[in-house]
Amino acid sequence: NPMLKLLYDNNQRLKQTETREVPGNVPGFSQFYDTGTWVPTYLGLTTAGVTTYTTQSGRYVRIGGWVIASVFVNWSAATGTGIAIISLPIAPVYTSSIRYNGAANKSANIRIAQAESGAGAQAFYLVTGGAAEAVTGTGDITATIAYAVA
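Bear in mind the structure is a predicted one, so any value in this text is a computation, not a measurement. (Residues numbered from 1 in each chain as written. Predicted model: local features only at pLDDT ≥ 70, side-chain atom pairs only at ≥ 80, totals over all residues. Heavy atoms only, no water.)

Draft legend 1. Highlighting the overall build of the protein. When helices and strands are tallied, the protein shows three helices and 12 strands. Within the protein, buried positions represent 33% of all 150 residues. Contacts in the protein between residues far apart in sequence, at least 24 positions, make up 63% of those at least 6 positions apart. Summed over its atoms, the accessible surface of the protein is roughly 8500 Å², and 52% of this surface lies on carbon and sulfur atoms. (Helix = DSSP H or I, 4+ residues; strand = E, 2+ residues; numbered from the N terminus. Buried < 20%, exposed > 50% of the residue type's maximum accessible area, 1.4 Å probe, protein only. Contact = heavy atoms within 4.5 Å. Areas by Shrake-Rupley, 256 points an atom, 1.4 Å probe, with all protein chains shown as cover.)

Draft legend 2. Looking closely at the packing of aromatic side chains. Under the counting rule described, the total for this entry stands at one aromatic pair. Here the aromatic rings of Tyr-42 and Trp-75 are separated by 3.7 Å at their centres, their planes lie at 20°, and the arrangement is stacked. Of this pair, Tyr-42 sits in strand β4 (residues 42-44) while Trp-75 is found in strand β6 (residues 66-78), placing the two residues 33 residues apart along the sequence. Relative accessible area serves as the criterion here: at 2%, Tyr-42 is assigned to the buried category. The exposure class of Trp-75 is buried, given its relative accessible area of 2%. (Phe/Tyr/Trp six-rings, centres within 6.5 Å; stacked < 30°, edge-to-face > 60°.)

Draft legend 3. Structural view of the nonpolar core. Residues Tyr-42, Phe-124 and Tyr-147 are the most contacted members of the largest nonpolar core, which totals 22 residues. Listing elements by their share of this core, those giving two or more residues are β6, β7 (84-87), β10 (123-128) and β12 (139-148). In terms of residues, this core owes the most to one element, β6, which gives six residues. (Core = buried A, V, L, I, M, F, W, Y, C linked by side-chain atoms within 4.5 Å.)

Draft legend 4. View of the side chain of Thr-51. With respect to the helices and strands, Thr-51 occurs in strand β5 (residues 51-63). A polar contact of 2.6 Å, which involves the side chain of Thr-51, links it to the backbone oxygen of Tyr-42. Residues in contact with Thr-51, not counting those within four places in the same chain, are Tyr-42, Leu-43, Trp-75, Ala-77 and Ala-78. (Polar contact = N/O pair within 3.5 Å; in protein donor to acceptor, adjacent residues only side chain to side chain.)

If you want it as structure tokens, here you go:
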């Protein structure tokens, strides 16, 4: 198994302090582990609108069927309407019985937008005081979210 070869060297398990470069030619490894960046967007769910950004920064790690994404978005103007949604790097898997939560700088819960849009949105939104946050003209969001992917 090529995946197990990453943990062993000459039939000896690697020590916890040892590291090994991940070879690019291990079959199936990119489906198991991946890192990257993306440019997150802040838009309205009802009407996307136009947003003027100061900063857009996103990083993620994919491990198997899970993604951990960290995002920072700062904007000086936004014309969207409805619930404010922030894009994700990889489309989440959603079922009506699962809600994914994370942490944000606003002491808000994070939810996957698919529950509301029903259209397989690749985005999340913030919930404070039991209600989804609407688009605001200016602001910033710092958040980290873990969610399931196909």
